[in-house]
Structure formats: C-alpha cells, structure tokens
Amino acid sequence: MGSKINPEVLIIGGGIGGVATALALARRGLRSQVFEKAPEFGEIGYGIQQGPNAYRMLDWLGVMKDLEPQAVFTQNLILIDALDDREIARISCGPAFRKRYGAPYTVVHRRDLHGVLLDACRKRDEIGLHTAKELVSFEERGNEVIARFADGSEYKGAVLIGADGLRSCVREVLIGDGPPRPAGHVTYRGVVSFDQVKDRSHFEDMVIWVGPNLHFVQYRLRGGTVMNNVATVVSRKFERGEREDYGGPDELMEVFSRTTPHVQEMLTYVGKDKNWVLHDREPQPGWTRGRVTLLGDAAHPTLQYLAQGACMAIEDAVVISGKIAAAGTGGDINAALLSYENERYLRGARVTVTARLFGAIIHCDQGTRDLRNHLLAQRTPETFWEVDWLYRGIEA
Ligand SMILES: Cc1cc2nc3c(=O)[nH]c(=O)nc-3n(C[C@H](O)[C@H](O)[C@H](O)COP(=O)(O)OP(=O)(O)OC[C@H]3O[C@@H](n4cnc5c(N)ncnc54)[C@H](O)[C@@H]3O)c2cc1C
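Scoring rules and cut-offs
- Residues numbered from 1 in each chain as written.
- Predicted model: local features only at pLDDT ≥ 70, side-chain atom pairs only at ≥ 80, totals over all residues.
- Heavy atoms only, no water.
- Salt bridge = Lys/Arg side-chain N within 4 Å of Asp/Glu carboxyl O.
- Helix = DSSP H or I, 4+ residues; strand = E, 2+ residues; numbered from the N terminus.
- Buried < 20%, exposed > 50% of the residue type's maximum accessible area, 1.4 Å probe, protein only.
- Near = heavy atom within 4 Å.
- Polar contact = N/O pair within 3.5 Å; in protein donor to acceptor, adjacent residues only side chain to side chain.
- Areas by Shrake-Rupley, 256 points an atom, 1.4 Å probe, with all protein chains shown as cover.
- Pairing = 2+ DSSP bridges.

> Break down the pattern of salt bridges for me, citing the residues and quoting the values.
With the rule as written, the count across this model stands at 29 salt bridges. A salt bridge links Asp177 to Arg281; the nearest nitrogen and oxygen atoms lie 3.1 Å apart. Within this pair, whereas Asp177 is found in the loop between helix H6 (169–174) and strand E14 (181–193), its partner Arg281 is found in the loop between strand E18 (276–280) and strand E19 (292–294), the two being separated by 104 residues in sequence. When its relative accessible area of 26% is taken as the criterion, Asp177 is described as partly exposed. On the accessibility criterion, Arg281 (6% relative accessible area) is buried. When salt bridges with common partners are traced through the structure, they connect Asp81, Asp84, Arg369 and Arg372 into a single cluster.

> For the site of the ligand, give the residues involved together with the corresponding values.
Taken together, the neighbourhood of the ligand is formed by 29 residues, with Gly17, Glu36, Gln49, Arg110 and Asp297 sitting nearest. Ile16 has a polar backbone atom sitting 3.4 Å from an oxygen atom of the ligand. The contact in question runs from a nitrogen atom of the ligand to an N or O atom on the backbone of Gly309, over 3.3 Å. When the free accessible area of the ligand is taken as 1000 Å², the share hidden by the protein chains comes to 85%. Listed by contribution, the elements that provide at least two residues to the shell around the ligand are helix H1 (16–27), strand E4 (47–50), E14 and helix H10 (309–327).

> Explain the pairing of strand E17 (residues 226–234) to me, using residue names and the numbers behind them.
The element E17 is largely enclosed, with a buried count of nine among its nine residues. Of the two faces of E17, both are covered, the one formed by Val226, Asn228, Val230, Thr232 and Val234 as well as the one formed by Met227, Asn229, Ala231 and Val233. In the sheet, E14 pairs with E17 via nine bridges, with the strands oriented antiparallel. Within E17, the residue paired with Ser193 across the bridge is Val226. Pairing between strand E16 (residues 214–221) and E17: eight bridges, direction antiparallel. Note that in E17 the partner of Val217 across the bridge is Val230. The hairpin formed by E16 and E17 contains four residues between the paired strands, and Arg222 there has a positive phi angle of roughly 50°.

Below you can see the structure in the form of structure tokens.
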C-alpha cells in the first residue's frame, strides 16, 4: 500500500476530542489528518452537558453559532432526593453564573455537537478526514512519526495524537497500564419525545435525582423537543465480586425500588436492552513520548459525575493546538507536547478524582445521606464553590 509524506499532525480517533483538535489546529493555521476506525464518523444518540468552560472553547472554535439553535440553555442544576422527592440543592445558571463564567450552561445532543465540529472540519482545507482507518502501530523515525493502519496503509506526520478513547491503543504503547478500571456502575439511557414526559415541572433545568446506589439525570435536548434520561446504579453484584455479569435490568429495578413512584415511573423512559458499564483510570502523567501524546479519554478518562469528560477533551484540543502552533511542526515538538501534558495533567486528574467523590456523595445512604442533605441545604443557588475551579476553565 502507498506511503504518504505529510509533515502535519496525525490524530487517531474521530470522536469529539479528535475532531475538536483538528479544528483547533486549523484555526491556528496547522494541517492535520484525522483517522477514525469506524466506517463512518458519528456519536451515540444521547445528550451531553457542556459546562461554561467548554462553551467558551467551542465559541473560540467558531461552532457555537451553528450549535446554539439545537442547544438548550439550562436554567438551574438541581439535586433532588430520590427517596422523598425533596429538593436538596440547586445552582442557578442565571445572570450571576453567566457573568462569573462568561458563558451559559448548555445541554446538547451528542450528534449535534459532533456534527457541527465535523462540518466545520469538512470546510477547512487544512484537515483531512479518513474513516475505516484503524491504527495498529506507530513508530518514530527522525523528525517523523509513521502511523500504520489495519488496511496496510501508512501515513507520516510531525506529531501523533492518540484521541482514541477509553481503550486507547496509543496509551497502551506509551503507558501500558492495561484496561481501564471498572467502577461497578452501570448506566441506562433513553431519549423520548417531550410530549411523552408526564412531569414537566423542571423542563428548563438539568435535574439529578439521587439515592442509595443510584441516580437519575434528566434534561431536554434539540431545542427542547426531546427529553434525555440517564439512570445509573452502583451494582451490588459487582461489589460482591460477580464481575462478569452485573448491573442488568433486574438490578436496575431492584436498586430503584426504594425511590418514589415518580422516580420509578421515569425508568420507563430509558431503554433496558442496552447499558454502559462505567470506567475511569487512576490519574497518571507520562502520556507523552517524543512526538506522540494522548488527548481526551485516552489521557484522563473520568466517570460522568461532573459531566466533564468531553469538556476536558475540548479544552485539551485548544491547549495542544496552542502549544504545537507556538513550536511550529518543525520546532521542538517534544517540548511542546510535554508542556501540553504538564498543563492538562492535574486538571484532568482533579476532574477524575472529584467525579469519584461526587459519585460517593450522590449515591450515599442513611446518616451520610442526612449529613449531605443538611450541609447542602445551607448553600444558596448562587454558591458556586464546588464547581468554581472547573467552570472558570482556561483561556484559549
Ligand atoms: C454515561 C455517560 C455520560 C457522559 N456525560 C457527559 C457529559 O454530560 N459531559 C461531558 O463533557 N462528558 C460526558 N461523558 C464523557 C464523554 O462521553 C467522553 O469523555 C468523551 O466522549 C470522550 O471523547 P474522546 O474523543 O476522547 O473519545 P471517544 O469519544 O471514545 O472517541 C475515540 C474515537 O477513537 C476511535 N478509535 C479507537 N481506537 C482507534 C484506532 N485504533 N484507530 C482509529 N480510531 C480509533 C473510536 O472509534 C472513537 O470514535 C459521559 C460519558 C458517559 C459514559
């Protein structure tokens, strides 16, 4: 098969992180090639939350104008106790929030977010997009990285970025820390027409009903026409050591059986035929070697309890593009990539560790639940301290 010489950036993986990186590089005048192993670019058909830190980066990328008509601007982030349906706490995303963070809180359909990024990439001459290209190996030779694909083709570039997700094969070569850590938590998702939703009292909010070993998230998407629903359980089977088959629909129903009828009714909005077993990794540095580095879930996968995995990938994209642009593809690439990793490592680690902590807080029971509800009752909707470090974000 042919070998093409491209003194540009090779991006492995065309998820949100990969396409955001290509676009960020193009906006700084740099060329890249994105290689996705799937036959088509795409995303799963569910929602994603964007903190104001990600909104500002997407705005810098120039895609918010196209995304805004599909986005829903969240009014409040609300926590409700699933055992008695009482509100525990809320963060208002109103004027004080927008002023402090310079952006709103939005929720979007994953396909809409990925779609606007991909469309923007397609309009840029600096970006090449390839599907059905599964990276199988790479090698550094002199000033180049050679990427080899399952179809026998190979490409050469000045930099290789592994944006290849939770089970990154680039990470396996760089760090070799094996498969990600299963948390023992299992998620069920569903998007239903807004007309089908019975209780619409929180239709402008992002609501989390929390309970012992469970939570349920709800928010609208696509200009408010559909409702996104996510039910998560902490599997007792997993905790008992039954690691092969856990978190099935029977366990979902059993764990939710203590919640109010209203919460149990919402389980009809999620599909029971498919679930997602959640993973993260222990944070660790060392994801850069020579001209190769990692980005997004490949670098710092997190549980979704801060709703920030994709937001971090988008921030990574902006930071790495700035570092490579400052060095130039002919400059000291290793120093640029190390500087990128250094800037992103502890922020990613803080998201991963805080998400675990939030998981423990939202899934607690008995006295811990009483204490949580008591302490959270003392905050006001304009108290942002838990998320301040996160939503203040970074500068492009
Ligand atoms: C239930 C749930 C809810 C979530 N909610 C939120 C949220 O509200 N907000 C938020 O910000 N984040 C959220 N996240 C996290 C978010 O989904 C991820 O962090 C994000 O999608 C990671 O993007 P990525 O581009 O790094 O990786 P991925 O999306 O995994 O993309 C990696 C791509 O690489 C490709 N690939 C893999 N191997 C190869 C190879 N060898 N060669 C070529 N291509 C390859 C894959 O096919 C894939 O397309 C949530 C996650 C879960 C599980």
